Amino acid sequence: MKFLLLIGFLVLISTWWVDGGVGAITDPMVELTLVQSAVPKGAVCLDGTPPGYHIQRGYSSGANNWLVDLEGGGWCNNRRSCLFRSTTALGSSKYMDKIYFSAILSNKSEENPDFYNWNRVRVRYCDGASFTGEGYDNESGLYFRGQRIWSAIMEELMGIGMSSAQQALLSGCSAGGLASVLHCDNFRALFPSQTIVKCLADAGLFLDYVDVSGLHGLRSFYDGVVTLQGVAQNLPERCTSRMNTTLCFFPENIVNGIETPMFLLNAAYDTWQIQYSLAPASAIQDGPWKFCRLNYSKCDSSQIEFLQGFRKNMTTVAESFYQSKATNGLFINSCFTHGQSVLPDTWYGNNSPSIENKGIAQSVGDWYFNRSEVKLIDCPYPCDTTCHNLVT
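Residues numbered from 1 in each chain as written. Predicted model: local features only at pLDDT ≥ 70, side-chain atom pairs only at ≥ 80, totals over all residues. Heavy atoms only, no water.

In the annotation of an unreviewed UniProt entry, the entry for the protein reads Pectin acetylesterase, and the organism field reads Rhynchospora pubera. Reading the Subcellular location (unreviewed entry) entry of the UniProt record for the protein gives the comment "Secreted, Cell wall". Among the UniProt annotations of the protein, the heading Sequence similarities (unreviewed entry) holds the following wording: "Belongs to the pectinacetylesterase family." (UniProt positions renumbered as here; feature names shortened; annotations may be inferred.)

With that out of the way, let us pick up the pattern of salt bridges. Two side chains of opposite charge can pair, provided their charged atoms sit close to one another. One pass over the full model with this rule turns up 15 salt bridges. Put simply, aspartate 137 and arginine 79 hold a salt bridge, and the shortest N to O gap is 2.8 Å. Separated by 58 residues along the polypeptide, aspartate 137 in strand E7 (residues 135-137) and arginine 79 in helix H2 (residues 79-85) bring together distant segments of the chain. Note that glutamate 134 is salt-bridged to arginine 145, the shortest N-O span being 3.8 Å. (Salt bridge = Lys/Arg side-chain N within 4 Å of Asp/Glu carboxyl O. Helix = DSSP H or I, 4+ residues; strand = E, 2+ residues; numbered from the N terminus.)

All right, on to the state of the cysteines then. Applying the stated criterion to the full structure yields seven disulfides. With its sulfur 2.2 Å from that of its partner, cysteine 45 forms a disulfide with cysteine 126. Here the S-S torsion is close to -75°, and the disulfide linking cysteine 45 with cysteine 126 is therefore left-handed. Pair noted here: cysteine 45 is in the loop between strand E2 (33-34) and strand E3 (52-56) and cysteine 126 is in the loop between strand E6 (119-123) and E7, with a separation of 81 residues, a long-range link. A relative accessible area of 0% means that cysteine 126 is categorised as buried. Linked covalently through their sulfurs, cysteine 76 and cysteine 82 form a disulfide whose S-S length is 2.1 Å. Disulfide cysteine 76 to cysteine 82: torsion about the S-S bond roughly 95°, handedness right-handed. (Disulfide = S-S within 2.5 Å. Buried < 20%, exposed > 50% of the residue type's maximum accessible area, 1.4 Å probe, protein only.)

With that out of the way, let us pick up the packing of aromatic side chains. Summed over the entire model, instances satisfying the criterion amount to 28 aromatic pairs. Here tyrosine 222 and phenylalanine 250 contribute two aromatic rings whose centre-to-centre distance is 4.8 Å and whose plane-to-plane angle is 55°, an arrangement assigned as tilted. Of the two residues, tyrosine 222 sits in helix H5 (residues 217-228) while phenylalanine 250 sits in the loop between helix H6 (237-240) and strand E11 (262-267), which places them 28 residues apart along the sequence. Their ring planes at 75° and their centres at 6.1 Å tell us that tryptophan 367 and tyrosine 368 sit as a pair that is edge-to-face. Of the two residues examined, tryptophan 367 and tyrosine 368, each falls in the buried class. Linked through ring pairs, Trp75, Phe206, Tyr222, Phe249, Phe250, Trp272 and Tyr276 together constitute an aromatic cluster. Its guanidinium or amino end placed over the ring of tyrosine 125, arginine 85 lies 4.8 Å from that ring's centre, counting from NZ or CZ. A cation sits over an aromatic face here: lysine 198 above tryptophan 367, 5.1 Å from the ring centre. (Phe/Tyr/Trp six-rings, centres within 6.5 Å; stacked < 30°, edge-to-face > 60°. Lys NZ or Arg CZ within 6 Å of the ring centre and 35° of its normal.)

On to unusual backbone geometry, then. In terms of backbone geometry, most residues other than glycine have negative phi values and most peptide bonds are trans. With an omega of 15°, the peptide bond running from tyrosine 381 to proline 382 counts as cis. On the secondary structure map, proline 382 appears in the segment after strand E15 (375-377). Even without a glycine there, the phi angle at serine 60 is positive, about 50°. Structurally, serine 60 can be placed in the loop between E3 and strand E4 (65-70). Residue classification places serine 60 among the exposed residues on the basis of a relative accessible area of 63%. Residues other than glycine seldom take positive phi values, yet alanine 103 does so here, at roughly 55°. Structurally, alanine 103 is set in the loop between strand E5 (99-100) and E6. Accessibility expressed as a relative area gives 0% for alanine 103, which makes it buried.

Here it is, written out as structure tokens:
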């Protein structure tokens, strides 16, 4: 489970500059910007290298609006997994390179109608604790500085124009979605009160659910992350004052207390959680979940019933979240997938997933711009025929 959790979910796909925008570019790849000024502040990746981000500037009506997307990619919970991670782009900027912007980061109006001409930023993820760690491990020489990386890159972005934003959206997918939850109110605090600030968490609603062996496997894993990386001091005090700090790394225990408007986008049958939390390989060996965990069509009736219980738990958390603040939004579809804002086909494709004939990009846009209230929870599997399901 440790190494499978390490890599997580990361998608890099291409886009091209919008015709009639600020001018065509010959290279569709977006350059990496390293924040060298972060190093003296100790805001460094696991291996001590500087953190980085990618940016495409906004123009026209979007010139003063900012979308900041936090990269996902799992977590590391012990020295061994963090050392391995430090030899990849998820733990060291030495291995980072240009990336493609697509889906929610696309600069094409036909792919991303509401945010295509905004300043769009992808913050690279190289700490392994959803931008919340604070510490240094003498034995391994690893830096756990996720919180400092967050602060240093936000300071950099504010210095290059984000401080003048009229509208801002913090987004993230998977571990980046969890980071969006954890940092949402911190992001809001960067701006004056007149700036419209909201947050989006895609595939970040990780649940503390009992796995098929009767254990809380993800809770145990998160406990390693929180303990090793010194995360506790950066978790919301409103949560840590009333429960175990590890439980405060789970969104279900903190989303209702977030003051900033937030949108939760999640698949009710999140394939990452099915494969690595509910039915991890370490718990099943050659048991009845061996094939079901990878392909829902291989599940028997009792396994589907178990997954329906997981969906019910997720929708209960989502309902409570929505009721906690009138400005919150929801899109919980009954698909077997993980991450839907980072793929063009699911974000705004011709056949993208929908609930009540409303797709994901439209739902997020309607919520952000207050065009309509968005509270969309799908009916249980197998009713949704618009899903882009993942099977392996």
